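Chain residues, written in single-letter form:
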Amino acid sequence: MSDFVHGDQADVRHSHDVKHPHDVEAQSDDAKGDAPPGFEPAVDSDSEEVIRARELQQKSGILRSMRRGEEWLDEKMGIETQGIDRIHEEDKKPPSIINAFFLWWSLTCHVGTLPIGVLGPEFGLSLNQSVAAIVVGTVLGALCTAYTGTLGPKLGLRAIATSRYSFGFYGAKLCSVLNVVIGGGFAVVNVVVVGQILAAVSDYTMTLAVGCIIIAVIGYVVSIFGFALIHTYEKYSWIATFIILCVLIGQVAPYVDPGIPSLDTGLGFSGSFLSFLAINFSSASGWCSIASDYYCNYPAKTKSYKIFFLTLFGISIPTIFVTVIGACLGNAAVSSSVNPVLSTAYTDHGLGGLIRESLHPLRFSKFCLVLLVFSVLGNNIAVNYSSGLSMQLLGHYFHAVPRFIWSFVNALVIAILAIAGRQHLSTIVSNFVSLLGYWTVSFTLILLIEDQWFRRKEGYNLLVWDVPSKLPWGLAAVLALLTGYLAGGVTGMAQTWYIGPIAAKFGGFGGDVGIYLSGVFTIIVYPPARWYERKVTGR
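Treat the numbers as computed from the prediction; the structure is a model and nothing was measured. (Residues numbered from 1 in each chain as written. Predicted model: local features only at pLDDT ≥ 70, side-chain atom pairs only at ≥ 80, totals over all residues. Heavy atoms only, no water.)

### Notes on the overall build of the chain
Keep this limit in mind: Strands here are runs of E lasting at least two residues and helices are runs of H or I lasting at least four, both read from the DSSP assignment and numbered beginning at the N terminus. Using a 1.4 Å probe on the protein chains alone, a residue whose accessible area is under 20% of its type maximum counts as buried, one over 50% counts as exposed, and one in between counts as partly exposed. Surface accessibility follows the Shrake-Rupley procedure with a 1.4 Å probe radius. Residue values consider only the protein chains on display as shielding.
Looking only at helices and strands, the chain features 22 helices and 2 strands. Residues counted as buried form 61% of the 539 residues belonging to the chain. Surface accessibility of the chain: about 20,600 Å² in total, with carbon and sulfur atoms responsible for 66%.

### Topic: helix 16 (residues 362–375)
To keep things clear, this is the line we draw: For a helix, the expected span equals 1.5 Å multiplied by the number of residues minus one. Relevant arc is that of directions from the helix axis to the C-beta atoms, nothing else.
Between its terminal C-alpha atoms helix 16 stretches 20 Å, which fits the 20 Å expected from 14 residues at 1.5 Å a residue. Those residues of helix 16 lying buried are Ser-365, Lys-366, Cys-368, Leu-369, Leu-372, Val-373 and Ser-375. Buried residues of helix 16 fall within an arc of 165° about the axis and therefore sit on the same side.

### Focus: helix 19 (residues 403–420)
The end-to-end C-alpha distance of helix 19, which contains 18 residues, comes to 26 Å, matching closely the 26 Å that a straight helix rising 1.5 Å per residue would cover. Among all positions in helix 19, only Arg-403, Phe-404, Trp-406, Ser-407, Asn-410, Ala-411, Ile-414, Ala-415 and Ala-418 are buried.

### Points about the environment of Phe-506
This is how the line gets drawn: In what follows, a contact means two residues having at least one pair of non-hydrogen atoms within 4.5 Å.
Locating Phe-506 in the fold gives a position in the loop between helix 21 (475–492) and helix 22 (514–537). Its relative accessible area of 22% is what places Phe-506 among the partly exposed residues. Residue contacts for Phe-506: discarding those within four places in its chain leaves Leu-267, Ser-270, Gly-271, Leu-274, Gly-511 and Val-513.

### Focus on the side chain of Ser-166
Positionally, Ser-166 belongs in helix 9 (residues 164–201). Excluding residues within four positions of it along the chain, Ser-166 makes contact with Ile-446, Leu-447, Glu-450, Pro-472, Gly-474, Ala-477 and Tyr-526.

### Digging into the environment of Leu-143
Looking at the element boundaries, Leu-143 is found in helix 6 (residues 127–149). Judged by its relative accessible area of 35%, Leu-143 is partly exposed. In the structure, Leu-143 is positioned 301 residues away from Thr-444 in sequence and 9.4 Å away in space, judged by C-alpha atoms. Setting aside anything within four residues of it in sequence, one finds Leu-143 in contact with Phe-308 and Leu-312.

### Brief notes about the packing of helix 17 (residues 377–392) against helix 19
Filter applied, for reference: Structural elements are reduced to axes, namely lines fitted to C-alpha atoms, with helices fitted over the stretch in contact, and the angle between N-to-C directions of any two is expressed from 0 to 180 degrees. Each angle gets one of four labels, with under 35 degrees taken as roughly parallel, over 145 as roughly antiparallel, 65 to 115 as roughly perpendicular, and the rest as oblique. By definition, turning the near helix anticlockwise from the far helix through less than a right angle yields a left-handed crossing, and turning it clockwise yields a right-handed one. Following the grouping adopted for this structure description, the nonpolar residues are Ala, Val, Leu, Ile, Met, Phe, Trp, Tyr, Cys and Pro, the charged ones are Asp, Glu, Lys and Arg, and the polar ones are all others, Gly among them.
At a closest axis distance of 8 Å, the pairing of helix 17 and helix 19 adopts a crossing angle of 120°. Comparing their axes, helix 19 and helix 17 come out oblique. For the pair helix 17 and helix 19, the sense of crossing is right-handed. In this structure, helix 17 contributes Val-383, Asn-384, Tyr-385, Ser-387, Gly-388, Leu-389, Met-391 and Gln-392 to the contact, and helix 19 contributes Arg-403, Trp-406, Ser-407, Asn-410, Ala-411 and Ile-414. When grouped by side-chain class, the residues that make up the contact of helix 17 with helix 19 number 7 nonpolar, 6 polar and 1 charged.

### Focus: the side chain of Ser-272
Considering the arrangement of structural elements, one finds Ser-272 in helix 13 (residues 266–285). For Ser-272, a relative accessible area of 11% puts it in the buried group. Not counting residues up to four positions away in its chain, the partners in contact with Ser-272 are Phe-123, Leu-125, Asp-264 and Gly-510.

### Comments concerning the pattern of salt bridges
Selection rule: Any carboxyl oxygen of Asp or Glu within 4 Å of a side-chain nitrogen of Lys or Arg constitutes a salt bridge here.
Tallied over the entire structure, the rule returns 9 salt bridges. The salt bridge involving Arg-530 is made with Glu-533; its shortest N-O contact spans 2.8 Å. With Arg-530 and Glu-533 both in helix 22 and 3 residues apart, the pair spans about one turn of that helix. Neither residue differs from the other here; Arg-530 and Glu-533 are each classed as buried. Among the charged side chains, a salt-bridge network with shared partners connects Glu-450, Arg-455, Glu-458, Arg-530, Glu-533 and Arg-534.

### Describing a nonpolar patch on the surface
The test is simple: Within the patch definition used here, like charges are joined within 9 Å and nonpolar side chains (Val, Leu, Ile, Met, Phe, Trp, Tyr) within 5 Å, considering only residues with over 30% relative accessible area and no salt bridge.
Together, Phe-408, Val-409, Leu-412, Val-413, Ile-416 and Leu-417 make up a nonpolar patch on the protein surface, roughly 520 Å² of accessible area in all. Residue classification places Leu-417 among the partly exposed positions, given a relative accessible area of 48%.

### Some points on the state of the cysteines
The condition is simple: A pair of cysteine sulfur atoms is labelled a disulfide when the two atoms are within 2.5 Å.
By the definition in use, this model includes 0 disulfides. You can see Cys-288 has no disulfide; the closest cysteine sulfur is in Cys-144, sitting 6.1 Å from it. Given a relative accessible area of 1%, Cys-288 falls into the buried group.

### Focus on the nonpolar core
To be explicit about the condition: Working definition of a nonpolar core: buried Ala, Val, Leu, Ile, Met, Phe, Trp, Tyr and Cys residues. They are joined through side-chain atoms within 4.5 Å.
Among the nonpolar cores identified, the biggest contains 127 residues, and Leu-114, Phe-167 and Ile-355 are the most heavily contacted of them. The leading source of residues in this core is helix 9, at 18 residues. In contact with Phe-167, not counting residues within four places along its chain, are Ala-172, Cys-175, Phe-443, Ile-446, Leu-447, Trp-473, Gly-474, Ala-477, Val-478 and Leu-481. Counting residues in each nonpolar core, the second largest holds 5 residues, with Met-391, Leu-394, Val-401 and Trp-406 among its members.

### Some remarks on the packing of aromatic side chains
Our working definition: Only Phe, Tyr and Trp rings take part, Trp by its six-membered ring, and two of them pair if their centres are within 6.5 Å. Stacked means planes under 30 degrees apart, edge-to-face means over 60, and tilted covers everything else. Ring-over charges, as used throughout, are those where CZ of Arg or NZ of Lys falls within 6 Å of the ring centre and within 35 degrees of the ring normal.
Here the structure, examined in full by the defined rule, presents 21 aromatic pairs. Residues Phe-454 and Tyr-526 carry aromatic rings whose centres are separated by 6.2 Å and whose planes lie at 90° to one another, so their mutual orientation is edge-to-face. Here Phe-454 is found in helix 20 (residues 425–454), whereas its partner Tyr-526 is found in helix 22, with 72 residues between them in sequence. Here the two residues Phe-454 and Tyr-526 agree in accessibility, since each one is buried. The cationic tip of Arg-530 hangs over the ring face of Phe-454; the distance from NZ or CZ to the ring centre is 6.0 Å.

### Examining the confidence of the model for the chain
Quick note on the threshold: pLDDT measures how confident the predictor is about each residue, on a scale from 0 to 100.
In this model, the chain carries a mean pLDDT of 80, and residues with pLDDT of at least 70 account for 80%. Across the chain, helix 6 holds the top mean pLDDT of 95, while helix 1 (residues 29–32) sits lowest at 38. Residue range residues 7–45 is modelled with pLDDT below 50. Its contacts to residues more than four positions away, or to other chains, number 68 contacts.

As structure tokens, then:
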């Protein structure tokens with residue numbers, strides 16, 4: 001792959017034309033082969049990040065043993081050992097472009113998405129109002145993920161590594177931490193849901209903790225095999241879940257009452273609607289910091305609009321489908337006059353009990369529940385994989401530790417948190433998921449402004465992706481992110497434990513407007529701050 005990427009290729013707006021500033025003379029005509037117009041092959045050399053990591057592994061006996069263990073697992077089982085290294089054009093192994101669509105079906109079309117929809121009726125919204133918030137919030141959130149995904153093929157870098165061109169080498173570490181927290185939060189929700197389902201299958205004789213451990217272990221084992229297996233698994237794993245969910249909505253439909261009105265009017269209704277919309281936005285935008293992890297193996301000449309729209313629809317369609325079913329389940333659960341059995345099952349046993357009573361007959365219900373358990377694997381596999389990469393990006397010592405070790409630590413922490421919070425699923429979803437949006441909207445806008453404004457002409461020097469002295473300082477991006485989160489998110493958030501002064505204007509429970517305020521403050525702060533940073537540092 002060429003080591004310098006520009007943003008003004010004539011035939012495709014916003015895609016990247018390439019020029020090679022270093023070592024062009026060293027390339028032979030034969031080496032260029034059938035490369036696309038404007039591309040020069042890269043010099044085959046290890047990056048500074050890789051060299052430092054290998055040096056540390058040689059000096060430390062523990063790290064050396066871990067590296068040998070990783071190589072042994074690769075030889076015997078074919079696990080991925082590449083880690084965060086930039087993928088050169090000649091080393092890429094792209095899956096079918098349609099995988100960019102079906103990948104997201106497996107990540108979002110699963111039982112762990114249902115609790116988000118259930119919150120609509122719990123917030124006092126009618127079914128129609130819940131559906132409206134689901135559609136609008138999901139599409140807006142998916143736009144964030146769709147855009148950040150387009151950077152993967154162009155640069156051959158993982159998502160957080162790409163952010164170094166805005167946040168700098170050290171500022172991107174903050175993004176790494178936030179990315180791990182985000183992924184962990186989603187995974188905790190999934191694991192708790194699975195625990196409830198397995199408890200329901202066992203007639204509530206199995207504790208939730210056992211179910212949490214089972215799914216955490218399975219998700220980790222599959223995740224260590226890396227990019228190739230994940231893409232293959234995600235391409236097909238959603239099909240059975242889709243069929244079961246269609247059966248579920250068909251059987252629960254008689255108990256859904258669209259005529260149940262909203263519990264609030266005026267500002268109270270506005271607050272509930274805005275808060276639920278924010279949760280749906282965060283659910284779809286939460287993928288923005290990992291999207292290019294799964295696209296960096298596509299060729300740099302891949303049309304950006306293909307990645308963008310395949311991602312947009314790949315996230316929006318299944319997420320809306322499953323979340324709306326969740327809203328219908330929530331509607332049936334709160335309308336105890338229609339079917340008190342469903343209401344009691346949800347109150348006593350959570351989502352697992354509600355699904356068990358919604359499907360019938362009982363044996364068929366249990367069979368479907370077992371299959372739904374495996375539906376969350378696609379999501380948790382991706383979380384473990386990307387979290388391991390994010391941990392490696394924290395520094396040379398972190399990079400020296402193999403990804404499968406970090407993925408194990410991540411899976412262990414997720415299991416512990418899920419067990420600790422297994423009785424509070426709705427609280428976890430409503431409080432945690434909406435918080436994600438404050439950072440994801442700022443992260444997306446910073447990368448967008450950097451890519452389309454500051455680097456539209458000069459592009460990206462890919463030789464320096466891991467060289468701190470050549471990357472931006474990152475002060476402008478960190479300042480914009482923190483300003484968006486603190487000035488916008490904190491003042492506009494509406495959580496059970498805190499309601500910001502602006503959010504408090506929307507009724508007694510407040511209305512979550514933190515996402516919109518975070519976006520506004522980021523747009524106001526980042527352009528002038530980045531302009532001044534470039535003027536002072538020249539980077």
